[in-house]
Amino acid sequence: MQLSEQEIVRRQNLQAIRDLGIEPYPAATFEVNITAKEINETYDHHEEEEKRNLQQVRIAGRVMTKRVMGKAAFAVIQDGTAKVQIYVQRDMICPDENKDLYNKLFKKLLDLGDFVGIEGKCFLTKTGEITVKATSFTFLSKSLKPLPIVKTDEEGNVYDAFTDPELRYRQRYVDLVVNPHVREAFLKRTQMYNSMREFLNGKGYLEVETPILQPLYGGAAARPFKTHHNTLDMTLYLRIANELYLKRLIVGGFDGVYEFSKDFRNEGMSRFHNPEFTQIELYVAYKDYEWMMNLVEEMVEKVALDTNGTTKIQVGENVIDFKRPWKRYTMFEAIEHFTSIDISQMDEDELRATAKKLHVPIDPSMGKGKLIDEIFGETCEAKLIQPTFITDYPIEMSPLAKKHRTVPGLVERFEAICNGKEILNSFSELNDPIDQRARFEEQLSLGKRGDDEAMVLDEDFLNALEYGMPPTAGLGIGMDRLAMIMTNSNSIQDVLFFPQMRPKVTASNAEEEEE
RNA sequence: GAUUUGGUAGCUCAGUCGGUAGAGCAUCUGACUUUUAAUCAGAGGGUCCCGGGUUCGAACCCCGGCCAAAUCACCA
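These lines cover the structure that appears in this document, whether it is placed above or below. (Residues numbered from 1 in each chain as written. Chains lettered and ligands numbered in written order. Predicted model: local features only at pLDDT ≥ 70, side-chain atom pairs only at ≥ 80, totals over all residues. Heavy atoms only, no water.)

## Examining the protein's contact with RNA strand B
Line of reasoning, step 1. What surrounds RNA strand B is a group of 53 residues, the closest being Glu5, Thr127, His273, Asn425 and Arg502.
Line of reasoning, step 2. Close to the protein, within 4 Å, the atoms of RNA strand B are drawn from sugar and phosphate at a rate of 57%.
Line of reasoning, step 3. Within the backbone of Gly70, one N or O atom sits 3.2 Å away from a base nitrogen of RNA strand B.
Line of reasoning, step 4. Between RNA strand B and the protein, one listed contact pairs a sugar or linking oxygen with a side-chain N or O atom of Lys126 at 2.8 Å.
Line of reasoning, step 5. For the surface near RNA strand B, the secondary-structure elements that each account for two or more residues are helix H1 (5–19), strand S1 (57–69), strand S2 (72–78), strand S3 (83–89), strand S6 (151–152), helix H5 (165–170) and strand S19 (421–428). (Near = heavy atom within 4 Å. Polar contact = N/O pair within 3.5 Å; in protein donor to acceptor, adjacent residues only side chain to side chain. Helix = DSSP H or I, 4+ residues; strand = E, 2+ residues; numbered from the N terminus.)

So, in structure tokens, the structure goes:
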């Protein structure tokens, strides 16, 4: 292994710490009684000073900067909440003759990135920054690699920002340490989950877990990942959706179930697609898609408030307002709104001519439903910035949705479009087992014609439906896409801790391959 | 999968016409008891992504490959 100059120095420092008789990786708990954030907030809110004992704070964290001025020094440490400045005087932490703890350990052997524990009292510096004056300090853990140190001046200008996306995604742990905005985005993501759980649990719905390894993949149109179980000697698939399992639970008598489902699709990657991603799916018995639209508005408005404190979210150039009610169009209305063409009564030939006129790319294999979907996608979707419900989709695209109660050829389905992208999908679920079997068979014939994303027929799911499923409304929300909006992120990789990357061939694993 | 852009010190980047590899921060040595992009004086640090080619000579030109990003294609 080739070590850089700085890595060699740090390993030497590690040994020097041991030579002082100090364990660089101590086992014992270091009790803290306050966080950096709490210390900073205390300074912002003077009335709270009384409530907190700032004479005896104990805090632990990673050393981010160090400014030594002879016999005293300032450093900034960062804990799980924020950064706080500490002040170390030689004679304060070394009251006796032996000054090694300051002169050697603190001044020389303590590197940026090391973890320390500080005990001391808070005071305000000349320039008014709340600071912990150390009465003792404890070495907690050595860092052997230099962190990319990001500096910010008084005016907020950032220097040497750690920005290389490849390094940031491959070494997210480094990204998280030095880029506070990255950390904030992930805190918001978790807040989204908490917010939805609170909302759905409050309505009495049950959070469940269903199989990720499935003998048949269903519930969506996508290519799966395939694997093999040795003991059963059988093929298993990583789920592309959990829809069919949640519906089985509705059949089983749970009237409201939801799951945060990690799903897997063996398809292209882009800034909107990662091979594994998360959906929340929700099914509620005795409800329809109209009811679900109201629930979605209520829930997503709450998520915006809980994550951002407002319904108005800045996303790129746009401000997106999730305040209820959202705009609603049927798919035909949306197309008419953006193109001034009413296609609702057109037959296949007329649709094809209209698509051509609108410069929508089509091919001869497209049927009526696909043509409508394509016209919508090309002319409307990108223009829908504010959250908007699009309702009533062509039946061909939706083999698991119930036929529309009044309009032939359509299903009771809606999507919400936001910032020009679909963020969620919902329908009145198809619960007629005869119709469901027919729809699966249509998919089978599509599959035989070479559509490798056509759905497969799930006999056991049909068996469940034949026992009877109540009328049910179902919903799936792309959590990653919603997180992108709630955090103003441009790429799905910015809301996934560890986005999928092609492995980088390094010198060391190239050697392993040779061996 | 296609196109474009990029890959140089730990990080962010510069590198002229093809002629000994550069800066800031970080690191090392020294000074400094309220600094905050600390400051001051000095020093060290390179598989220029990989492999071939052209050339007296390649970070730079040519060919092939790897990785990444953006756009497109694909895609509930």
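## A word on helix H12 (residues 368–379)
Line of reasoning, step 1. Helix length check: H12, at 12 residues, gives a terminal C-alpha distance of 17 Å against a target of 16 Å (1.5 Å per residue), a fit within 8%.
Line of reasoning, step 2. Turning to H12, its buried residues are Gly369, Leu371, Ile372, Glu374, Ile375, Phe376 and Thr379.
Line of reasoning, step 3. Taken together, the buried residues of H12 touch helix H10 (331–339), helix H11 (348–357), strand S17 (388–394) and strand S18 (410–418). (Expected span 1.5 Å × (residues − 1). Buried < 20%, exposed > 50% of the residue type's maximum accessible area, 1.4 Å probe, protein only. Contact = heavy atoms within 4.5 Å.)

## Some words on the sheet that holds S2
Line of reasoning, step 1. Read around the barrel, five strands follow the order S1-S2-S3-S5-S4 and close on themselves; strand pairing throughout is mixed. Geometrically, the sheet is characterised by an average inter-axis angle of 50° between neighbouring strands, direction not taken into account.
Line of reasoning, step 2. Note: S2 against S3, seven bridges, orientation antiparallel. What sits directly across from Ala72, in S3, is Gln89.
Line of reasoning, step 3. Here helix H4 (residues 100–109) sits on the sheet and contacts S1, S2, S3 and strand S5 (130–141); the angle it forms with S1, its principal contact strand, is near 85°. (Pairing = 2+ DSSP bridges. Axes fitted to C-alpha atoms, helices over the stretch in contact; angles between N-to-C directions.)

## Quick notes on the pairing of S1
Line of reasoning, step 1. As paired strands, S1 and strand S4 (residues 115–124) are joined by six bridges and run antiparallel to one another. The residue of S4 that forms the bridge with Ile59 is Ile118.
Line of reasoning, step 2. Both S1 and S2 contribute to a ladder of seven bridges, which runs antiparallel. Paired with Val68 across the bridge in S2 is Ala73.
Line of reasoning, step 3. Linkage of S1 to S2, two consecutive antiparallel strands, is achieved through a turn of two residues, within which Gly70 is found at a positive phi near 65°.

## A short note on the sheet that holds strand S16 (residues 327–330)
Line of reasoning, step 1. One open sheet holds the eight strands; their spatial order is S8-S12-S13-S20-S19-S18-S17-S16, and the pairing between them is mixed. The sheet terminates laterally at strand S8 (206–207) and S16, the two strands that pair on one side only.
Line of reasoning, step 2. Pairing of strand S12 (residues 256–264) with strand S13 (residues 276–285) involves nine bridges; the strand directions are antiparallel. Residue Val257 lies in a different strand from S13, and its bridge partner there is Tyr283.
Line of reasoning, step 3. The sheet strands contacting helix H15 (residues 479–486) are S12, S13, S18, S19 and strand S20 (472–478), and the helix crosses S20 at an angle near 55°.

## Some points on the environment of Glu298
Line of reasoning, step 1. Within the element layout of this structure, Glu298 appears in helix H9 (residues 289–308).
Line of reasoning, step 2. In this structure Glu298 comes out as partly exposed when scored by relative accessible area, which is 29%.
Line of reasoning, step 3. Spatially, the C-alpha atom of Glu298 lies 26 Å from that of Asn431, the residues being 133 residues apart in sequence.
Line of reasoning, step 4. Sequence-distant contacts of Glu298, that is, excluding residues within four places in its chain, are made with Phe199, Lys203 and Arg324.

## Considering the nonpolar core
Line of reasoning, step 1. Within the largest apolar cluster, 44 residues are counted, with the highest numbers of intra-cluster contacts made by Met196, Leu282, Val296, Phe322 and Met486.
Line of reasoning, step 2. In terms of residue count, H9 provides more of this core than any other element does, nine residues in total.
Line of reasoning, step 3. Among the nonpolar cores identified, the runner-up in size contains 41 residues, and Ala334, Ile335, Leu410 and Met469 belong to it. (Core = buried A, V, L, I, M, F, W, Y, C linked by side-chain atoms within 4.5 Å.)

## Quick look at H4
Line of reasoning, step 1. Every buried residue of H4 is accounted for by Tyr102, Leu105, Phe106 and Leu109. Looking straight down H4, one finds that the buried residues subtend no more than 155° of arc, so they occupy a single side.
Line of reasoning, step 2. Packing partners of the buried residues in H4 comprise H1, S1, S2, S3, helix H3 (90–93) and S5. (Arc of directions from axis to C-beta.)

## Points about the packing of aromatic side chains
Line of reasoning, step 1. Within this structure, the stated rule accounts for 14 aromatic pairs.
Line of reasoning, step 2. A centroid spacing of 6.0 Å and a plane angle of 90° characterise the contact between Tyr258 and Phe260, whose relative ring orientation is edge-to-face.
Line of reasoning, step 3. Tyr258 sits in the buried class, given a relative accessible area of 0%.
Line of reasoning, step 4. Relative accessible area serves as the criterion here: at 13%, Phe260 is assigned to the buried category.
Line of reasoning, step 5. In textbook terms, an aromatic cluster arises when at least three aromatic residues are bridged by ring pairs, as seen for Tyr289, Phe322, Trp326, Phe389 and Phe414. (Phe/Tyr/Trp six-rings, centres within 6.5 Å; stacked < 30°, edge-to-face > 60°.)

## Side note on the side chain of Ser195
Line of reasoning, step 1. Within the secondary structure layout, Ser195 lies in helix H7 (residues 180–202).
Line of reasoning, step 2. Since its relative accessible area comes to 1%, Ser195 is described here as buried.
Line of reasoning, step 3. Among the polar contacts made by the side chain of Ser195, one reaches the side chain of Asp306 at a distance of 2.7 Å.
Line of reasoning, step 4. Not counting residues up to four positions away in its chain, the partners in contact with Ser195 are Lys302, Val303 and Asp306.

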